[in-house]
Amino acid sequence: MVGGLKKPLMNASAVAKIVEVVQRWKWGPELETHLDKLQFLPNMVHVKQSLKIVEDVDAGLSLFRWVKKQPWYVPCDECYVVLFDGLNKGKDFEGIQKLFEEMVQDSGRSHHHHSLGAYNQVIQYLAKAEKLEVAFCCFKKAQDCGCKIDTQTYNNLMMLFLNKGLPYKAFEIYESMEKTDSLLDGSTYELIIPSLAKSGRLDAAFKLFQQMKERKLRPSFSVFASLVDSMGKAGRLDTSMKVYMEMQGYGHRPSATMFVSLIDSYAKAGKLDTALRLWDEMKSSGFRPNFGLYTMIIESHAKSGKLEVAMSVFKDMEKAGFLPTPSTYSCLLEMHAGSGQVDSAMKIYNSMTNAGLRPGLSSYISLLTLLANKRLVDVAGKILLEMKAMGYSVDVCASDVLMIYIKDASVDLALKWLRFMGSSGIKTNNFIIRQLFESCMKNGLYDSARPLLDAVHSAGKVDLVLYTSILAHLVRCQDEDKERQLMSILSTTKHKAHAFMCGLFTGPEQRKQPVLTFVREFYQGIDYELEEGAARYFVNVLLNYLVLMGQINRARCVWKVAYENKLFPKPSSLTNTSLGLDVRNLSVGAALIAVVHTLHRFRKRMLYYGVVPRRIKLVTGPTLKIVIAQMLSSVESPFEVSKVVLRAPGDSVMEWFKKPIVQQFLLNEIPSRADILMHKLNVMFPSSAPELRSMFPPKPIMSSKSF
């Protein structure tokens, strides 16, 4: 007032008056009372200037809240900016959050969007202060209010989430940024591309990389490095190499880490030529390969069979002062052993042990297998003892070596290795001893076989299959001295089948029972659930032996009991139209006895009942037909030979059965034994020899074709 007149007050004076009141009364009702009594009508310019002068943030907030109650209040972005700045300086983030909520409400009521800086300022302050949840919440509210978020705010938020290990949240913010008309700046590209690449979002990362170049922005080394590394690890080697070459075009020099990453990617993908080229590039660039890279190059080349390159790098590694790991030694050793290179494998083994390293079990197994296959028994023995001294259990490895010699039919070496095992206190299992015993039998080394049989017997493992296999050797033997040795070995088994064999060849006075009863008692003692196959095998071989010895009646008793116990599928059938006999699954002796026995039975039925079938056939298979045909031709049989059967009309057979010579033949013995049977056993049936049986443990049911 000037006199009685009202005159306009200058802005500076108005601001000074407001500041004076605020600084004196600070806050509360008294402040608002004095502000209400101002002698002029303030405006938002006065308020904005006053807030900039008042240093007390609480006082400034009190002033601002009074202003918001006035009818002349107009929402002002700059006022919020000043207040947020003051709260940030005082680290009052709760105050910032509270004022932000007021600003959102204010914006909603007035439909005024504070887009010039206040929203962005709040988010940036909170992001820099690492207030993750609050910053993101404010970001979402700002978006909901339609506020335009600037590039710096996006950058600060993405940096916050990336630093907190939450790349997917950062990518969500990036996707929000893409939907606006905001442009990525160089720092955003530098920030987001490596993060996208490392998180596996390679297509998005590469798209931004291309976009960055299109906008003439120069990618930094970290952008190139992240793409080269991530593309390589993902197996996208062509893209990785393209970015690598492009990086050099921008003048960036590859780092040691980048070389390691590239070499690793190409080596793991099996592209060893490129890996080796990069390896040479790395060394020519002045970088020294580290321990891990040497190891990887050596092992990858060794496993690929490129042993010369692997050994060359291995020597370089030793010259560089690195001590290879047991894994590297083992890889080289096993690959050289697998390729049959004895000298190289032994050099690596000696180098490894001289370095004080302990070879692994797989390395020892590979080396021993190699030495066994090369028949280096003495060297293998030395390695096995060293393995034992290292604390390994060697029984299994030694047995594996023994089995190699057995399967290779190197019986002398197998026996030598077994003696070495015994002198070194190394044990093997009964199954392998049994296999070696059978190999000795096959090669006629009966003197060596007998001690092995003692070992099998002491373990209680002599079964009917083993006994029968020895009997099969006896059947084929044509040397008297060897026959005596085989008889001695049969006796050594102490198997119940041997007592049966001895009783079978004695007279009824000594047995004190008929032969048929004696045979039945023996077969009643067999556990057919467990030994049916073995019993079938025994019958086949036993009948061969009995036929060759001329013991036809005994042979017929054995066949009859075997037939009664259903050891063989029912071989014969008789109807009004046909008669058939199938002997394909029998041994020579068993087939001959089966034919004679069955024809005798058919003869009695046909003559007694007068039933004459239209045709009669004997199914023999391609090998047995000649033996049986020759036997029957000696008594003028009407059977004709075809591919796998002998055939004859029923009437012809009926007439043949009536001849006295046929009755005598069917009742007594098989003629031409020496001329036919011995020849056929040795020439036509080599597969009947026991040496061709499987090297694996006998199955519960043996094939009836086994001899």
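Residues numbered from 1 in each chain as written. Predicted model: local features only at pLDDT ≥ 70, side-chain atom pairs only at ≥ 80, totals over all residues. Heavy atoms only, no water.

1. Description of the overall build of the chain
Note the threshold: Starting at the N terminus, helices and strands are each numbered in turn, a helix being any DSSP run of H or I of at least four residues and a strand any DSSP run of E of at least two. The classification of residues rests on relative accessible area computed with a 1.4 Å probe and restricted to protein chains. Under 20% of the type maximum is buried, over 50% is exposed, and intermediate values are partly exposed. Throughout, a residue-residue contact means that at least one pair of heavy atoms, one from each residue, lies within 4.5 Å.
Of the regular secondary structure elements, the chain holds 38 helices and five strands. Taking all 707 residues of the chain together, 49% fall into the buried category. Taking the intrachain contacts of the chain between residues at least 6 apart in sequence as the baseline, contacts between residues at least 24 apart amount to 66%.

2. Things to note about the packing of helix α33 (residues 552-564) against helix α34 (residues 588-609)
Working note: a packed helix pair is described by the angle between its axes plus the distance between those axes. The criterion, for reference: Axis lines are fitted to C-alpha atoms, over the contacting stretch for helices. Their N-to-C directions set the angle, which ranges from 0 to 180 degrees. Note that the term roughly parallel is reserved for angles under 35 degrees, roughly antiparallel for angles over 145, roughly perpendicular for angles of 65 to 115, and oblique for everything else. Classes in brief: Ala, Val, Leu, Ile, Met, Phe, Trp, Tyr, Cys and Pro nonpolar; Asp, Glu, Lys and Arg charged; the others, Gly included, polar.
In contact at an axis separation of 10 Å, α33 and α34 are set at 80° when each is read in the N-to-C sense. Regarding the angle of α33 to α34, the classification is roughly perpendicular. Where α33 approaches α34, its residues Ile 552, Ala 555, Arg 556, Trp 559, Lys 560 and Tyr 563 are matched on the opposing element by Ala 590, Ile 593, Ala 594, Val 596, His 597, His 600 and Arg 601. Class assignment for the residues of the contact of α33 with α34 results in eight nonpolar, two polar and three charged.

3. Thoughts on the packing of aromatic side chains
Think of a pair of aromatic rings as described by two things: how far the centres are apart, and how the planes are tilted against each other in angle. Inclusion rule: Pairing of aromatic side chains here covers Phe, Tyr and the six-membered ring of Trp, requires ring centres within 6.5 Å, and sorts the geometry by plane angle: under 30 degrees stacked, over 60 edge-to-face, intermediate tilted.
If you walk through the whole model with that rule in mind, you get 23 aromatic pairs. With 5.6 Å between their ring centres and 70° between their planes, Tyr 364 and Tyr 392 make a pair best called edge-to-face. Within this pair, whereas Tyr 364 is found in helix α21 (residues 361-373), its partner Tyr 392 is found in the loop between α22 (377-389) and α23 (395-407), the two being separated by 28 residues in sequence. Both residues of the pair, Tyr 364 and Tyr 392, count as buried. One aromatic cluster in this structure is built from Tyr 467, Phe 500, Phe 518, Phe 522, Tyr 523 and Phe 538.

4. Overview of helix α37 (residues 660-667)
For the record, the criterion: The arc refers to the directions leading from the helix axis to the C-beta atoms.
Within α37 the residues assigned to the buried category are Val 662, Phe 665 and Leu 666. With its buried residues spanning 90° around the axis, α37 presents them on a single face. Contacts made by the buried residues of α37 are with α33, α34, α35 (621-633) and α36 (650-657).

5. A short note on the pattern of salt bridges
To keep things clear, this is the line we draw: Salt-bridge detection follows one rule: a side-chain nitrogen of Lys or Arg within 4 Å of a carboxyl oxygen of Asp or Glu.
For the coordinates displayed, the defined rule picks out 19 salt bridges. Across the pair Asp 463 and Arg 434 runs a salt bridge whose closest N-O atoms are separated by 3.0 Å. Of this pair, Asp 463 sits in the loop between α26 (446-458) and α27 (464-476) while Arg 434 sits in helix α25 (residues 430-442); the two residues are 29 residues apart in sequence, bridging distant segments of the chain. With relative accessibility at 25%, the residue Asp 463 sits in the partly exposed group. On the basis of relative accessible area, Arg 434 is assigned to the buried category, the value being 6%. With a closest N to O distance of 2.9 Å, Glu 532 and Arg 536 form a salt bridge. Of this pair, Glu 532 and Arg 536 both sit in helix α32 (residues 528-548), separated by four residues, roughly a single helical turn. We classify Glu 532 as partly exposed; its relative accessible area is 25%. Through salt bridges that share partners, Arg 434, Glu 438 and Asp 463 make up one connected network.

6. As for the pairing of strand β5 (residues 645-649)
Defined as follows: Pairing between strands requires that DSSP locate at least two bridges from one strand to the other.
Where strand β3 (residues 615-619) lies against β5, five bridges are found, and the strand directions are antiparallel. Bridge pairing in β5 places Ile 616 opposite Ala 648. Both strand β4 (residues 640-641) and β5 contribute to a ladder of two bridges, which runs antiparallel. Bridge pairing links Val 641 to Leu 646 in β5. Between β4 and the antiparallel strand that follows it, β5, lie three residues.

7. Structural notes on the confidence of the model for the chain
Operational definition: Confidence scores here are pLDDT values: one per residue, from the predictor, ranging 0 to 100.
Here the chain averages 79 in pLDDT, while 83% of its residues score no lower than 70. By mean pLDDT, helix α38 (residues 673-683) is the weakest element of the chain at 40, and α22 is the strongest at 91. Overall, residues 669-707 carries pLDDT values under 50, and its contacts beyond four positions in sequence, including any with other chains, amount to 98 contacts.

8. Digging into the nonpolar core
We count it as follows: Working definition of a nonpolar core: buried Ala, Val, Leu, Ile, Met, Phe, Trp, Tyr and Cys residues. They are joined through side-chain atoms within 4.5 Å.
Trp 417, Tyr 523, Phe 538 and Leu 632 are the most contacted members of the largest nonpolar core, which has 223 residues in total. Counting residues per element, this core draws most heavily on α32, which supplies twelve residues. In this structure, Phe 538 is in contact with Leu 464, Tyr 467, Thr 468, Leu 471, Ala 497, Phe 500, Met 501, Phe 522 and Tyr 523, ignoring residues within four places of it in sequence.

9. Regarding the UniProt feature "repeat: PPR" (unreviewed entry) in the chain
The line we're drawing: UniProt positions are given in the numbering used here, feature names are shortened, and annotations may be inferred rather than shown by experiment.
UniProt's entry tags residues 150-184, 185-219, 220-254, 255-289, 290-324 and 325-359 with the feature "repeat: PPR" (unreviewed entry), counted in the numbering of this structure. For residues 220-254, the end-to-end C-alpha separation is 12 Å, with 74% helix and 0% strand making up the annotated structure. Secondary structure across residues 290-324 comprises 74% helix and 0% strand; the distance between its end C-alpha atoms is 12 Å.

10. Some thoughts on the side chain of Thr 468
Inspection of the secondary structure puts Thr 468 in helix α27. Residue classification places Thr 468 among the buried positions, given a relative accessible area of 0%. Not counting residues up to four positions away in its chain, the partners in contact with Thr 468 are Tyr 537, Phe 538 and Val 541.

11. Observations concerning the environment of Ser 261
Mapped onto the elements of the fold, Ser 261 is located in helix α15 (residues 256-268). Taking C-alpha positions, Ser 261 is 7.9 Å from Lys 233, a pair spaced 28 residues apart along the chain.

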